[in-house]
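What the coordinates show
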Amino acid sequence: MPSEKILQRKKDEVVALTEKLKAATAGVLVDYKGITVADDTKLRKELREAGVEYSIVKNTMLRFAAKQVGYEALDSVLEGPTALAVSKDDPVAAAKILTKYAEDHKDKFTVKAGFVDGGVIDAAKVAELGKLPNRETLLSMLCSALQGNIRGLAVAINAIAEKNGEGAPAEEAAAE
């Protein structure tokens, strides 16, 4: 039977992991066996720069934490080496980086599953999520679309105003 100290440390670990899952907008679980230290360091740097927290987790601890958050569907992938990447702000950042990395390192690194918007998604859905543009690109696209619509609206309003008499005073002044 484990000592009280060890049990408390494990309980604290589950609580911290539960809080991490609750605070995340999205997350991805991966099997990282076989990647080199240099590759891992490069991957961690890229994730960190994107605001993604990446850490190796114990399957048992993650299983308990996932149950607390309602992600029991992750149970089926919690075997072998597991790393967890979570993002608090950008729902596609972790999926984008990790699916690209998995494509480049097929035999050594695989996406297991993920979660987004309070639901668990399989590896195929994580890959789809990874193909979406990032938050900044989506916002830029939205701004461009709105700007085009506003410009079109201004031109239409100007044309209506000219047709309905805005041009009349100039014509009257020219007639005098």
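Thresholds applied
- Residues numbered from 1 in each chain as written.
- Predicted model: local features only at pLDDT ≥ 70, side-chain atom pairs only at ≥ 80, totals over all residues.
- Heavy atoms only, no water.
- Domains from an automatic or database assignment.
- Axes fitted to C-alpha atoms, helices over the stretch in contact; angles between N-to-C directions.
- Helix = DSSP H or I, 4+ residues; strand = E, 2+ residues; numbered from the N terminus.
- Parallel < 35°, antiparallel > 145°, perpendicular 65-115°, else oblique.
- Contact = heavy atoms within 4.5 Å.
- Nonpolar A, V, L, I, M, F, W, Y, C, P; charged D, E, K, R; others polar.
- Core = buried A, V, L, I, M, F, W, Y, C linked by side-chain atoms within 4.5 Å.
- Buried < 20%, exposed > 50% of the residue type's maximum accessible area, 1.4 Å probe, protein only.
- Pairing = 2+ DSSP bridges.

Thoughts on the domain arrangement of the chain
Domains assigned within the chain are domain 1 (3-132) and domain 2 (133-167). One C-alpha centre belongs to domain 1, the other to domain 2, and the line joining them spans 42 Å.

Let's talk about the packing of helix H4 (residues 93-104) against helix H5 (residues 123-130)
As a packed pair, H4 and H5 sit with axes 7 Å apart at the nearest point and diverge in direction by 105°. Our classification of the angle between H4 and H5 gives roughly perpendicular. Only Val126, Ala127, Leu129 and Gly130 of H5 make contact with H4, whose side of the interface consists of Ala95, Lys96 and Thr99. Considered class by class, the residues forming the contact of H4 with H5 number four nonpolar, two polar and one charged.

Here we look at the nonpolar core
For soluble globular proteins, nonpolar side chains are generally found buried alongside one another. If you look at the biggest cluster of nonpolar residues, it comprises 24 residues, and the most contacted ones within it are Val28, Val30, Leu43, Leu47, Tyr54, Leu98 and Phe109. Mapped onto this core, the elements with two or more residues apiece are strand S1 (26-31), helix H2 (37-49), strand S2 (52-57), strand S3 (82-87), H4, strand S4 (110-116) and H5. A per-element tally of this core places H4 first, with seven residues. If near-sequence neighbours (up to four positions away) are discounted, Leu47 is found in contact with Val52, Tyr54, Ile97 and Leu98. Formed by 18 residues, the second largest nonpolar core is a distinct cluster that contains Leu21, Val57, Leu62 and Ala113.

Comments concerning the sheet that holds S3
Taking strand neighbours across the sheet as the criterion, the five strands line up as S2-S3-S1-S4-S5 in an open arrangement whose pairing is antiparallel. Across the chains shown, the open sheet's two edge strands, defined by having one partner strand only, are S2 and strand S5 (119-122). On average, each strand axis in the sheet is tilted by 20° relative to the strand beside it, whichever way the strands run. The strands that helix H1 (residues 4-23) touches are S2, S3 and S4; relative to S3, the one it contacts most, it runs at about 45°.

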